[in-house]
Every structure is written in C-alpha cells, then in structure tokens.
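Inside the fold
Residue strings, one per chain:
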Amino acid sequence: MTKKIVAPFLALTTAFFSAVAAISIPAEPVFASAGTLESRVAERRARRSGAPVSNRIVIQKKTTRSTPQERRRQRLNSRRVQQPEVVAPQSTTTPLSALKRREERRTRRLAGRPVPVKQQVADGVNMERAKHGVAPLRYHTELEASAQGHALDMKIRDYFSHENPEGQRSGDRIKETGYGVVNAQECRCSYKVYLGENIAKGQTTVAQVIKEWMESPSHREAMLSKDYQEVGVGIVDDIWVLNFGSVDITPVR
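What you see is a predicted model; the values in this text were computed from it and never measured.

1. A closer look at the overall build of the protein
The helix and strand tally for the protein stands at 10 helices and four strands. For the protein, the N- to C-terminal ordering of α and β elements is α-α-α-α-α-β-α-α-α-β-α-α-β-β. Sorting the 253 residues of the protein into buried and exposed places 24% on the buried side. A fraction of 67% describes how many contacts in the protein between residues 6 or more apart in sequence connect residues 24 or more apart. Accessible area for the protein stands at about 19,200 Å²; split by element, carbon and sulfur atoms hold 55% of it.

Listed below in structure tokens is the structure:
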C-alpha cells in the first residue's frame, strides 16, 4: 500500500521540478542565417563566448567571376547608344549603265596618277584652243604613231625637218598608219581630209614647247585651226612632234 502511494508521489515531484528547471533556464536563441559554413561556425563561437550576435537573417548572394569577354561585352553595352534608324531615300534616277560604271571606276583608279607627258602636251594645246574659243582636239593613236615614228627617225638619222631624207612629208607618214585613208567607192561618200604637223627641238618642258609654238605664227595657226579635230604627240628626248588631222565624210545619196 505504501509503495502504491509513494510511486505516484515521486513521479509528480519529478515532473514538478523538471517544469521549474525548464522555466528557470533561458532558452538558447535560434538564429536563422543563409550565410556560409564559416559564418555559422563564427556565430556559434561568439554565442559560446558571450559576444553579441545579430539575430537578423543574412542572405548572401551567390557571386560568380565573369570572364574578360563578358566584362568587355558589359562595358560595350553600357556605352552603346541606340541610333535612330536611317532609311535611305529611294533613288528617282535611272541606274547607271555598265559602261558608265566602268568609266567611273577607271576615272577613280586614274585619279592621283601622274599625267603622261604626251597627254600634258595635248592638254596644253587644248588649253590654248579654249582661250581662243576653239573646240578641243581628241587624242588619236594613229596620229600618235606617225608623230612618234617621225621623232624617232629624226633622232636616229640626226636631221630636223618636216621632210625626211627620202622626201616623205607629214601627210605621207600619217597615211601610212591608215589615218585619213578612205575608199570613196566602197563608202559611197565624199570626204575631206585635213593633215598637219608641228615639230620642235631643244625644249625641256611642256610649258616651254607650247609657249614657243604659240609664238611662231605658222605653228600657232596649226594649233588653233578649226579644220583639225584630232591630235597625236611624239616625243624622243628633246624632239617634239604634233600631228593634226580630221576626216570629214559626207554620204552620197
């Protein structure tokens, strides 16, 4: 009977003292942290040593190291300014022909190149013609061939004249190249051929030879003649030759 009374009494006494102990001992605070393992270990050490520990929740962002290419891309994106869209106006002109485009490309390629001396002479003649209101002369390769041949012949055989040692004159030399040769029966036309020649020796520059030709009445007349439409230039050392020409063809009905 005594055991039945004592056992419940001891159980009640034990429960009472356990409750009192639980109330008297302060509960250890719980800290929520999203930090690293090192930070949590540091917090526990601080609590054990009695140092104050913040009980706020710390959330650390996961950081990754960006590559140099990504950092460069980010800098470019931050500097980039959105440009307004530019709409090219529609061309109302007709497209250039293939020949015209080729000529423009050739002109761009030749831009900046030094002008050949023969072309400088032809340009000088046309400049003088322009001063007197005369149409410019076109450059012709057959007239150039006859002029160059005569300049070379005078250099090699050491003479200076419109007539070579065989008695051949400028008209004969020019026609040997095929320039001004017209078969009236085949073309059924009438025609007029005008041929002429200027020569000079001893001049060292284009400006000098043009000036001296213009100071000579006969040479000046040839350079400014309206009968001529084409020109060719021959130069060998200090020997200068101009061959002029034009072929006026009229069909016969």
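2. Quick word on the nonpolar core
Within the largest apolar cluster, 20 residues are counted, with the highest numbers of intra-cluster contacts made by Val121, Ile210, Trp213, Met223, Trp240, Leu242 and Phe244. At the level of secondary structure, the elements contributing two or more residues to this core comprise α5 (117-131), α9 (206-215), α10 (217-223), β3 (230-236) and β4 (239-251). Here the element with the most residues in this core is α9; it accounts for five residues. Once residues within four sequence positions are removed from consideration, Val121 is found in contact with Val206, Ile210, Trp213, Val233, Ile235, Trp240 and Leu242. Met154, Ile199, Ile239 and Val241 belong to the second-largest nonpolar core, a separate cluster that totals eight residues.

3. Some details on the pairing of β3
In terms of residue burial, β3 counts as a mostly covered element, since seven of its seven residues are buried. Relative to β4, β3 runs antiparallel, the two sharing seven bridges. Within the sheet, the bridge partner assigned to Gly234 lies in β4 and is Val241. Hairpin connection of β3 to β4: two residues between the antiparallel strands, including Asp237 at a positive phi of 55°.

Scoring rules and cut-offs
Residues numbered from 1 in each chain as written. Predicted model: local features only at pLDDT ≥ 70, side-chain atom pairs only at ≥ 80, totals over all residues. Heavy atoms only, no water. Helix = DSSP H or I, 4+ residues; strand = E, 2+ residues; numbered from the N terminus. Buried < 20%, exposed > 50% of the residue type's maximum accessible area, 1.4 Å probe, protein only. Contact = heavy atoms within 4.5 Å. Areas by Shrake-Rupley, 256 points an atom, 1.4 Å probe, with all protein chains shown as cover. Core = buried A, V, L, I, M, F, W, Y, C linked by side-chain atoms within 4.5 Å. Pairing = 2+ DSSP bridges.

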